[in-house]
Amino acid sequence: MKFIVSSTALSSHLQAISRVINSKNALPILDCFLFELEDGTLSVTVSDSETTMVTTVEVNESDTNGRFAVVAKTLLDALKEIPEQPLTFDVNPDNYEITVQYQNGKYSLMGQNADEFPQSATLGDNAVRVEMEAEVLLGGINRSVFATADDELRPVMNGIYFDITTEDITMVASDGHKLVRCKTLAAKGNERAAFILPKKPATLLKNLLPKEQGMVTIEFDERNAVFMLESYRMVCRLIEGRYPNYNSVIPQNNPHKLTVDRQQLMGALRRVSIFSSQASSLIKLRMQENQIVISAQDIDFSTSAEETQVCQYAGAAMSIGFKSTFLIDILNNISADEVIIELADPSRAGVIIPVEQEENEDLLMLLMPMMLND
């Protein structure tokens, strides 16, 4: 079995899918790339038994169809060092000995029998199909994946919830402290449906989608989902269970509304939070007419900091406490220049929304408050 392929094309595709591979696998074959050559098209598969990703690479010429597995790390590291040029792969089907020839030399390595590689899951007849622009899907994942939890007791919180209706698609993530709801009107389903995408495949998509254009097709049933991109196909196990009613935790009719420059507030939070208690990272926001005072203190080390920022605020003076790292995370994942912080009282969650929403998008973030000592 022999084929010729571009070194940089192969290397970039292998790099992209290699993130699926776990550092420790129960099956040794899962440390490998599965190469399959069929009718002049090379497809490479990786899997961690929960998530499988396949990419296709154009080959310049090939002789016969065939398949073999090869240890991923060795091949990745070897290809990284080769500049753009054709590589000739020569594979002995009897003992899986692989020779890779390039301009000034060759690599010899041992492959493995591809039959041991696990097959990817197939969807049932009741699978639901939706299509989204790559850019829209990337935007939703980018804004929500940071808010997913790592909670063994409540696994449904460990992923992004896709709530699909005939009018829009909403992506939701929450860890119980913060919540992101990103609704897009640029995509919709043919029926009411939902699934929970785990954090790892969501992060893999986040890395692949910036290079993609056009539509992404998503098909899913109650156990698995398939994402079809231009050059990649990902099959992943979904999180099973019922996602909480996210709309019921979003406070309505918040009388206190504060409009502030996002970058300036983030800078102040970063500076002031250095002086907050390391255990709690508590910062206090005090709103009064057209100004916000950001303060923090660490009683154990007798340190404190305070900074005043100009803002638009006309309500009664009030104070609320937040965990600074969570608030900075939220502000970091909003792209608008200014944000509105809506508050009801110091014991209820703060709602943070961008002043200018992206086209066809409705983004809302929520953060639970922390109790102030005074």
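Parameters at a glance
Residues numbered from 1 in each chain as written. Predicted model: local features only at pLDDT ≥ 70, side-chain atom pairs only at ≥ 80, totals over all residues. Heavy atoms only, no water. Helix = DSSP H or I, 4+ residues; strand = E, 2+ residues; numbered from the N terminus. Buried < 20%, exposed > 50% of the residue type's maximum accessible area, 1.4 Å probe, protein only. Contact = heavy atoms within 4.5 Å. Areas by Shrake-Rupley, 256 points an atom, 1.4 Å probe, with all protein chains shown as cover. Lys, Arg positive; Asp, Glu negative; His and termini not counted. Charge placed at Lys NZ, Arg CZ, Asp CG, Glu CD. UniProt positions renumbered as here; feature names shortened; annotations may be inferred. Pairing = 2+ DSSP bridges. Axes fitted to C-alpha atoms, helices over the stretch in contact; angles between N-to-C directions. Core = buried A, V, L, I, M, F, W, Y, C linked by side-chain atoms within 4.5 Å. Domains from an automatic or database assignment. Salt bridge = Lys/Arg side-chain N within 4 Å of Asp/Glu carboxyl O. Buried area = accessible area lost by both parts, 1.4 Å probe. Phe/Tyr/Trp six-rings, centres within 6.5 Å; stacked < 30°, edge-to-face > 60°. Lys NZ or Arg CZ within 6 Å of the ring centre and 35° of its normal. Parallel < 35°, antiparallel > 145°, perpendicular 65-115°, else oblique. Left-handed = near helix turned anticlockwise from the far one by under 90°. Nonpolar A, V, L, I, M, F, W, Y, C, P; charged D, E, K, R; others polar. Expected span 1.5 Å × (residues − 1).

### Here we look at the overall build of the chain
Each helix and strand counted, the chain has 6 helices and 25 strands in total. Overall size of the chain, expressed as C-alpha extent along the three principal axes, is 80 × 50 × 35 Å. Burial statistics for the chain: of 374 residues in total, 52% are counted as buried. Counting contacts in the chain only where the partners sit at least 6 residues apart, residues at least 24 apart contribute 66% of the total. Looking at the chain as shown, the accessible area adds up to about 18,400 Å², and 45% of this sits on carbon and sulfur atoms. One finds the centroid of the 31 positive side-chain charges in the chain at a distance of 5 Å from the centroid of its 52 negative side-chain charges.

### Structural notes on the UniProt feature "domain: DNA polymerase III beta sliding clamp central" (unreviewed entry) in the chain
The feature "domain: DNA polymerase III beta sliding clamp central" (unreviewed entry), as given by UniProt, occupies residues 133-245 in the numbering adopted here. Secondary structure over residues 133-245 splits into 19% helix and 38% strand, and the C-alpha atoms at its two ends are 27 Å apart.

### Looking at the sheet that holds strand E25 (residues 361-367)
The antiparallel open sheet is built from 8 strands, whose spatial order is E14-E11-E12-E13-E25-E24-E23-E18. What marks the edges here is a single partner per strand, and that holds for strand E14 (193-198) and strand E18 (256-261). Neighbouring strand axes in the sheet, compared pairwise and without regard to direction, differ in orientation by 20° on average. In this structure, strand E12 (residues 169-174) lies alongside strand E13 (residues 178-184), joined through 6 bridges in antiparallel fashion.

### Focus on the nonpolar core
Of all hydrophobic cores here, the largest spans 64 residues; its most connected members are Phe-3, Phe-33, Phe-35 and Phe-227. Residue-level mapping places this core at the junction of two domains, with at least three residues from each of domain 1 (1-114) and domain 2 (126-246). In this structure, Phe-227 is in contact with Leu-137, Phe-195, Leu-197, Leu-205, Val-216, Thr-217, Ile-218, Tyr-232, Arg-233, Met-234 and Cys-236, ignoring residues within four places of it in sequence. Ala-147, Val-260, Ile-328 and Leu-367 belong to the second-largest nonpolar core, a separate cluster that totals 38 residues.

### Remarks on the pattern of salt bridges
A complete count under the given rule lists 16 salt bridges for this structure. Here Glu-131 makes a salt bridge to Arg-129, at a shortest N to O gap of 3.6 Å. When its relative accessible area of 36% is taken as the criterion, Glu-131 is described as partly exposed. Of the charged contacts in the structure, one is a salt bridge between Arg-192 and Asp-163, with a shortest N-O distance of 2.8 Å. Taken together, the residues Arg-192 in the loop between E13 and E14 and Asp-163 in strand E11 (residues 159-164) connect sequence positions 29 residues apart. For Arg-192, a relative accessible area of 59% gives the class exposed.

### Section: the UniProt feature "domain: DNA polymerase III beta sliding clamp N-terminal" (unreviewed entry) in the chain
Under the feature "domain: DNA polymerase III beta sliding clamp N-terminal" (unreviewed entry), the UniProt entry names residues 1-119. From the first C-alpha to the last, residues 1-119 spans 22 Å; its make-up is 18% helix and 45% strand.

### Focus on the domain arrangement of the chain
According to the domain assignment, the chain contains domain 1 (1-114), domain 2 (126-246) and domain 3 (254-365). Between domain 2 and domain 3, the C-alpha centre-to-centre distance is 28 Å. Listed by partner, the interface residues are 13 residues for domain 2 and 12 residues for domain 3. Both sides of the domain 2 and domain 3 interface together cover about 1,200 Å² of buried area, and 56% of this is carbon and sulfur.

### What to know about the packing of aromatic side chains
Enumeration according to the criterion identifies 10 aromatic pairs in this entry. Ring centres of Phe-33 and Phe-35 lie 6.5 Å apart, and the angle between their planes is 85°; this geometry places the pair in the edge-to-face category. The structure contains a cluster of three or more aromatic residues connected by ring pairs, namely Phe-3, Phe-33, Phe-35, Phe-68 and Phe-89. Over the face of the ring belonging to Phe-326 we find Lys-178, whose NZ or CZ atom lies 4.0 Å from the ring centre. A cation sits over an aromatic face here: Lys-323 above Phe-326, 5.6 Å from the ring centre.

### Some words on the packing of helix H3 (residues 134-144) against helix H4 (residues 199-208)
Remark: H3 packs on H4, axes separated minimally by 9 Å, with the N-to-C direction vectors making an angle of 125°. Between H3 and H4, the crossing angle belongs to the class labelled oblique. Pair H3 / H4 crosses with left-handed handedness. For the pair formed by H3 and H4, the contact residues are Leu-138, Ile-141 and Asn-142 on the first element and Ala-202, Leu-205 and Lys-206 on the second. Grouping the amino acids of the contact of H3 with H4 by side-chain chemistry returns 4 nonpolar, 1 polar and 1 charged.

### What about unusual backbone geometry?
Across the chain, the bulk of peptide bonds are trans and the bulk of non-glycine residues have phi less than zero. In this structure, Asp-39 takes a positive phi of about 50° despite not being glycine. Locating Asp-39 in the fold gives a position in the loop between strand E2 (32-38) and strand E3 (41-47).

### What to know about helix H1 (residues 7-18)
Owing to its 3.6 residues per turn, the α-helix aligns residues three or four sequence positions apart on the same side. Here H1 spans 16 Å end to end across 12 residues, near enough to the 16 Å set by a 1.5 Å rise per residue. Along H1, the positions that sit buried rather than exposed are Ser-7, Leu-10, Ser-11, His-13, Leu-14, Ala-16, Ile-17 and Ser-18.

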